[in-house]
Every structure is written in C-alpha cells, then in structure tokens.
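The primary structure of each chain is shown beneath.
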Amino acid sequence: MIKNLVIVESPAKAKTIEKFLGQDFTVKSCFGHIRDLVKSDDAIDIQNGFTPKYEITPDKRDIVETLKKLAAEAETVWLASDEDREGEAISWHLVEALELEKDKTKRIVFHEITKPAIIHAVQNPRDIDENLVNAQQARRVLDRLVGFELSPLLWRKVRPNLSAGRVQSVAVRLIVEREREIMNFIPTSSFRLTAEFEDELSGRTFTAELPKRFDAAADAEKFLHSCKGAVFTVQSLETKLSKKSPSAPFTTSTLQQEASRKLGYSISQTTLLAQRLYEHGHITYMRTDSVHLSDLAIRAAQEVITRTFGREYSHPQQYITKNELAQEAHEAIRPTDFTRRTLEAGGEIDAYAVRLYELIWKRAVASQMADAQLERTIVNIGISTVPELLTATGEVLKFDGFLKLYLESTDDDIESDEHSILPPLQLGTILKLHYMTAVERFTKPAPRYTEASLVKKLEELGIGRPSTYAPTISTIQKRGYVVKEDREGKKRDATILKLQHDTITTTTQTEQYGAEKNKLFPSDIGMLVTDFLMKYFYQIMDYNFTATVEKEFDEIASGKKVWNKMIESFYIPFHQIVEQALHHADRQSGERLLGKDPETGRNVYARLARYGPVVQIGDADDDDKKYANLRSGQSIETITLEEALRLFTERTDRLLGIDPNSGKNVYVRMARYGPVAQIGEPDDTEKQYASLRPGQTLDTITLEEALELFRLPRIVGKFESKDIKVALGRFGPYILHDGSFYSLTKHDDPYTISADRAIEIILAKRQAEHDKIVKEFTLDTGTTLRVLKDRGGHCLAIGKQKVKLPKGTVAEELTLQECLALAGDIALKAPTASRSKTKRTSTTAIRQKSTVQSAKKSTKPSNIR
C-alpha cells in the first residue's frame, strides 16, 4: 500500500521532488491538464449559470486510470501542481476526476523546487483555493464563449477557418495599428550640425554639437558660412555627478523581453527553457509578475557579491511590485542557489537553457549591487562670429558598481547616449577646428514590434498575464494573422555640407533605411479581420475593456467577485452584437480599387481571395477577369496600380525558342506555385515543367538556361549497388536512393553534384537518424518501438506511426511500460483495413503481451504496427 502519493504536472518536476522526499512518498506526474471543456457546442450551459462541461482528454485517459488506482491505495494524496491559477485548476480537476476524498487530500505549494521549500510545503499544507480555480475557470469560459461565437461569424463574413480571441485579437490590433502608422508616416528632414575640435595643449580631439537643427540645406549652409574664420573658445564648464541604478530581478515579461534582446530567443523558447530550469530545481517559479525577493535570497546574493566583488559592491535592497494585483507568485525569478553561477549542459538542460540561467543569475545578483557612479562634464563652446553655442558632453565612470556584472538592453534602435571622455579643458581655452558638418537626417516612424516589445506593450496596457504572453504571440503567428520576418530596406539620398579650411563642400551619400530584422508584420487577413472586429465588436477590441476584464479575473481570484456573474454581465450584450453582425454585416474582402488598366480600360482591384491576397483585372461579374497573386512583402493596402499590372506582365508566357531534342517550343511562365519553364504547348498532354532556380527570372532567363533545368532527374552514380538519382521536387532538390529521400543543402547544386558528395549526404542523414534514437525496445512480434528526438521535442515511433511525448517527459528515463501507455494511442489511430486484417488488441493487452528484447517472449503475439 502507498503511504503518500504526490501528484505534479511533469515527469521532470516529479523526478526532482522525489530526490527530496523519503521512501514513504511516491511522486507521479499527470502530464499537465487532465480535463478540458468538451469540444461540442454544449460545453457551457448558458441557461444554468454558465456551468462548464468538462471531459478527460483522450491522451490522458490511461494516465487518469493509473493515478486513480494509486490514489485509492494511498493513505494521503498530495497535490503539488504549480502555485498559480492554472496549477490550482489542475489540482481541482484531479480531485474531481480521481474522485479524491477531502480528508485524505492535501494541497501543497512552493515557488522553488529545493529541499527546504518542499519540506516546508509538506509541513504546511492547505485546501484548494476555490477563488483561484474560479478565476481560471472564468478565463477559460469567457475565452471559449468569445472564440466559439466570433469564429463562425468570421467564417461566414470573411473567410473559412479563421478564429478570434479576446486577447489575441487585441494583440493583432496593436500590430495592425503600428503598421498603418508606419504606412501613413511622412518623413521630414533636418540638418544636424557637429564639429570636431582639437585641444592643442593635450593634442586630443572631441566632438561638439549645435543643440538646434536646421530645416533646410540653405539655412545650414548659411550658418557654416558665418563660421568661416571664427574663433572657438571654451565659455563654460559644468561637472555633475550622476548614477545608474540596477534593474529589478526578472518577472515573466521582463525575462522574455531581455532574453529576446540579449540572446535572440523567441518568447515561446524562453518560456519553455525557463519551465525546464524550474522543474530541475535551478530557478524559482517562472510565471510571476512580482519583483520581490525573499530575505533569504537577498542574504545569499549579498554573500556572493561580497565574496566575488568586494563589500563596496554590495547594496541589499527590496524591490516593490508596481502592479498592485500581482498574483502569479510571491517572488521574482531568481536562481535557487546563488553560489551556482552557471550550469553544466546535459539532458533537457541544453546550452540554450544554460545561457538563460546565466542571464537570470546575473540579473538577480546585479539587482543587489551598488549603483554605478558617473561624472558628467558639459562644455559650452562660443563662436566669435555668431551668438549660438556648441555643446560637448563627456562622461567618466567613477565606480562601476552593478555595471561590473550586468547592463539591461533596450528594444529599439536609438541614438546612443554614451559620451566620450573629454580632454582636460579650461575656461577661455581656444580650440582648433578640424571641420564642421551639417548632415541631413530624416525623422523615423515608431518602430515595428518585436516579440519582446509587444510583450512590454501588452503588460503596459494590462492585457494578459504572465502565463498568457507566450501562447498569445505564438497563436497569432500560427494562425497567419502576423508574420515575423526580415525585410530589406530602401535607399535614399542625404545631403552633407562640410566646412573645412574655410571652404564649404556639398556631397550626397546614399543611405539605407527601413530595413527590419525579426519584426512582426500584420498579414492582409490579419488587417481585414481586425477591421471587421473593430467595426462590429469595438468593445472586445478596446484596450481598456480587455485590461478591465483582467482586473475582474484578479478580483475573482481574491474572492471579491462571483465568476459566473461577471461572465453573465459580459455575455448578454456580446451575444446580441454577434446576432446583429450575423444578419447585417456585409461579407468582407478588403477590396481596394487601384485604378484602370491602360490597355483594356478595365478596373484593377486588390482584394483577399480564398487562398490569399490577389490583384484582379475586371469587375466581379466579368466572365473573363484575370487574377495574379501578390508577392511576399506586398499587401492589399500598399500595392500600387503599377506594381499590380507588373504582376500580370510576368504571368504572360514568353517563347524562348525550340528544344533541339524534341523540336517543341520552350516557354517560361508564372504557374500556381511560382515561375516555371515549359517544353510543349499548353494543350500538349506530354508537356514538361521545371521550376526556375533562385536568381532566375521570367524576363531574363535564356533558352540554354531553361533547357538546363530539364537535365533533372539524373543518375550521378551508384551506392550499395543502387542508383543515386538527383531530382527537383516541389520543396527543392533532393537525392533518391533505395526508396529513401535526402534533401540537398543550399550549397549543393543538383546539376553539378558528384556521386561522392551525394554519398556523403546519404551517410550524414543516416547518422543523424541514428543519433535521434534515445531508446529502443523490441516487441515480441519483432516490431521496434523507439523513443526519438524530433523537431518539436521527443516522440514515440512504431513503424511509421508517431506520437509526441507529453510536455516535460524525460525521454531518457522512460520505461517500456510508460512507452506502451502512450503506444496505445498509435494503435487506436492506425488504420486497419488497408494495412492488416488482424484485429487490434486493447492497450491493456498490448502492455501485457509486449516485452523488451532481453525478457522472456510471450506466447501470444502483439500486433502493434
């Protein structure tokens, strides 16, 4: 009989906790949420207080059955899910699904997975906090109501398979509005005047600047003329002491932002890595909006700082959380052991996780270090011929303080505020002018959002909570409303005026502007859906409304508001608006009239079609209207008439010549999936196609280059007595050998690749496939069951069937029995009619009949495939 059963969310967390508890405790994982709202329309009983209807998710049924048996045997069941609302809800669902008795069930919470924290939690159990459960339930119900009512409306009025959400739609709105702000921005130019001087006594040079700017080149040139022959004198010197203070330790959002800036991690990547670090006991709980540190943590940081840097660097301090309703956890994100500056990579704690840990350690330690002391000098330089003054600023670091360890990054590209060190100047010193320049500078629009700056904006507006930022940003990208990409900049000319040796010269230099890297851009469908929702559901899209809803969730969590009453006050007017829009809203296409085609005189439109944005020549009721897909980077809102017409020009077939082998005409044209070369006429049933290579265009490709494309597929040699065939597919060039496919790298040319290089690629992929195998079991039928490393984590594979392992599973430690519990899903999903006439056995039977290779084989065969 089990004395104590502890249930947590993930196997990694279970393993870590098990180390701290004695033999009287059995720790098991429920692999996250075990229940969710049913998928059908009756998931929420609106007529009876918005009562939710839950079901055990299919992938958790076996897990629930196992936990139920263990709980029935245990004297005490300890629910140790995370201490936020999601964790509280998981514990509540476990009580409901496992039918746990109240007198034998205890709830324990901890914000770090260390032995003292676990022991303290066991010594201080509590009941499940119904208010936290209700807050999570209210969020889930509200988001389901919004999604289930708005999404079908979008299917009918915009395009099939679209979705909307209370937080995700507001996030898209932010990106759409920023994009339109940039579209409508008209840059203005001004001239910034700087001068380089030399202090002849010390021989050192420095730069000074005129505080004002000139609107026109003529004004700047006039000022330069007035400085000819002038004497430049130090008129005033001012020295000020200043300081820089360290930033507070990380919250969820500041960690996501800083990891994006300093490490280049996406928000979802940071969230996953932080989860792993927490579950392995290296950091405190990672979903928090508190900057508070415990007294124990502050003392530990103080000891490390004093020992490593010296007593003068230590400045213990407590930070105060600005958000009065901070509710996710009681402490900021920090290391559990301040003496551990880094980690050793291994298992789930890879090099990326190590770098994130080091960032967390530095930020937490730096927050307890002394301010940096600076001395700033401001020099005003007089010009004998004009009343204006030039200003030079220098800065000296007198004491580095926390800067010895850490400096916070910023989101946007702004002009640096760093200052050079000035020479030792005196009042009245006459300076030697090397040159003076007036450089044309252009105003810039507000920057596009990065993932990090979007999280910052959402937090500023009070939209979402620590647990929602990552899934929100991931969702809007997965659903095609937003894309994260790089875009090339444009070029423009800037004028430079230079005064040197009393001579003024004018030059023009070309500068690039508007280049973007890893920025968030709204798609056409994202813009269209945002416009539709703004027109008919402004309340849902209003920033203040969304923030107010979050505050109401907080009030439910603190017991100040009844959850279903809050839902009712929202739903009744919301549902009425949905009904009105369903009957009265027009179908949206985002159609924009660009002008008329000069050749045909017909209208040219840009609009959203079923498979994406297109331009169209002809009206909707024309039988012979023509379409062309927009290119990457083009949008319905910005494309011009000239750009639209050019798309149709490129679609026109161009005759290159005759193929000498077949005597057929060779064309190039725009096909559905891109530009192609074609041998044969359009009605020729035996015509051949070949995709153009990167860098080739319809306008410039020659007959010889086009015919070269048809050299594929080609046999480059033999390996293991089998032909090595190189060919071009829809997704690029590949090698076909013995029924297996191997992609070529971007550096390999399919037209020139040798047999040796092809064999090298084949062997490399085979090795990579072998390296993916974490564990391998042989069943009694000879079928191999493998645990593999996959792109999205780890998975279980039997033949060609795969199932992804639940989040947090330690793949290296899976037993055969645990694998088979998951393998049952493969057996249930695998089709039987086309593959085998043998009846499928139950998951239980599979578990009983299967064995590892070294074990005794069963007399009855298992039929997993």
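This text goes with the structure placed above it.
What counts, and at which threshold
- Residues numbered from 1 in each chain as written.
- Predicted model: local features only at pLDDT ≥ 70, side-chain atom pairs only at ≥ 80, totals over all residues.
- Heavy atoms only, no water.
- Helix = DSSP H or I, 4+ residues; strand = E, 2+ residues; numbered from the N terminus.
- Pairing = 2+ DSSP bridges.
- Axes fitted to C-alpha atoms, helices over the stretch in contact; angles between N-to-C directions.
- Salt bridge = Lys/Arg side-chain N within 4 Å of Asp/Glu carboxyl O.
- Buried < 20%, exposed > 50% of the residue type's maximum accessible area, 1.4 Å probe, protein only.
- Contact = heavy atoms within 4.5 Å.
- Phe/Tyr/Trp six-rings, centres within 6.5 Å; stacked < 30°, edge-to-face > 60°.

Looking at unusual backbone geometry
The backbone of Asn161 sits at a positive phi, close to 65°, despite the residue not being glycine. Examined against the element boundaries, Asn161 turns out to sit in the loop between helix 5 (130-157) and helix 6 (168-183). The backbone phi angle of Asn518 is positive, close to 55°, even though this residue is not glycine. Topologically, Asn518 is positioned in strand 18 (residues 516-522).

Points about the sheet that holds strand 21 (residues 612-617)
Reading across from one edge, 19-20-21-22 is the order of the four strands in this open sheet, with antiparallel pairing throughout. On the outer flanks of this sheet lie strand 19 (592-596) and strand 22 (626-629), each paired with one strand and no other. Geometrically, the sheet is characterised by an average inter-axis angle of 25° between neighbouring strands, direction not taken into account. As judged from the four bridges shared by strand 21 and strand 22, these two strands associate in the antiparallel manner.

Topic: the pattern of salt bridges
Throughout the structure, instances matching the rule amount to 47 salt bridges. Ionic pairing is found between Arg178 and Glu181, a salt bridge with its closest N-O pair at 3.7 Å. Linking Arg178 with Glu181, this pair stays in helix 6, spanning three residues, or about one helical turn. Looking at Arg178, the relative accessible area reads 17%, which means it is buried. Of the residues examined, Glu181 reaches a relative accessible area of 42% and is grouped as partly exposed. Arg180 is the partner of Glu637 in a salt bridge, and the nearest nitrogen-oxygen pair spans 2.2 Å. Here Glu637 is found in the loop between strand 22 and helix 18 (641-651), whereas its partner Arg180 is found in helix 6, with 457 residues between them in sequence. According to the relative accessible area criterion, Glu637 is partly exposed, its value standing at 29%. In the salt-bridge network here, residues are joined through shared partners; they are Glu9, Lys13, Asp82, Asp84 and Arg287.

Observations concerning the sheet that holds strand 31 (residues 773-778)
Spatial ordering of the open sheet is given by 31-32-33-34, a layout of four strands whose pairing is antiparallel. This sheet does not close on itself; its edge strands, each paired only once, are strand 31 and strand 34 (801-804). On average, each strand axis in the sheet is tilted by 20° relative to the strand beside it, whichever way the strands run. Judged from the four bridges that link them, strand 33 (residues 793-798) and strand 34 form a sheet pairing that is antiparallel. Directly across from Leu796, in strand 34, lies its bridge partner Val803.

Observations regarding the environment of Leu703
Relative to the assigned elements, Leu703 resides in helix 19 (residues 703-709). For Leu703, a relative accessible area of 18% gives the class buried. Once you skip the residues sitting within four places of it in the chain, Leu703 turns out to touch Leu656, Gly657, Ile658 and Val666.

What to know about the packing of aromatic side chains
Overall, the coordinates contain 15 aromatic pairs when judged by the stated rule. Measuring from centroid to centroid gives 6.1 Å for Phe25 and Trp78, while their planes differ by 50°, and the two rings are tilted. Placement of Phe25 in strand 2 (residues 25-29) and of Trp78 in strand 7 (residues 76-79) is noted, with a sequence separation of 53 residues between them. As far as the burial class goes, Phe25 and Trp78 line up, both buried.

Spatial relationships are all this shows, so hold off on functional conclusions.
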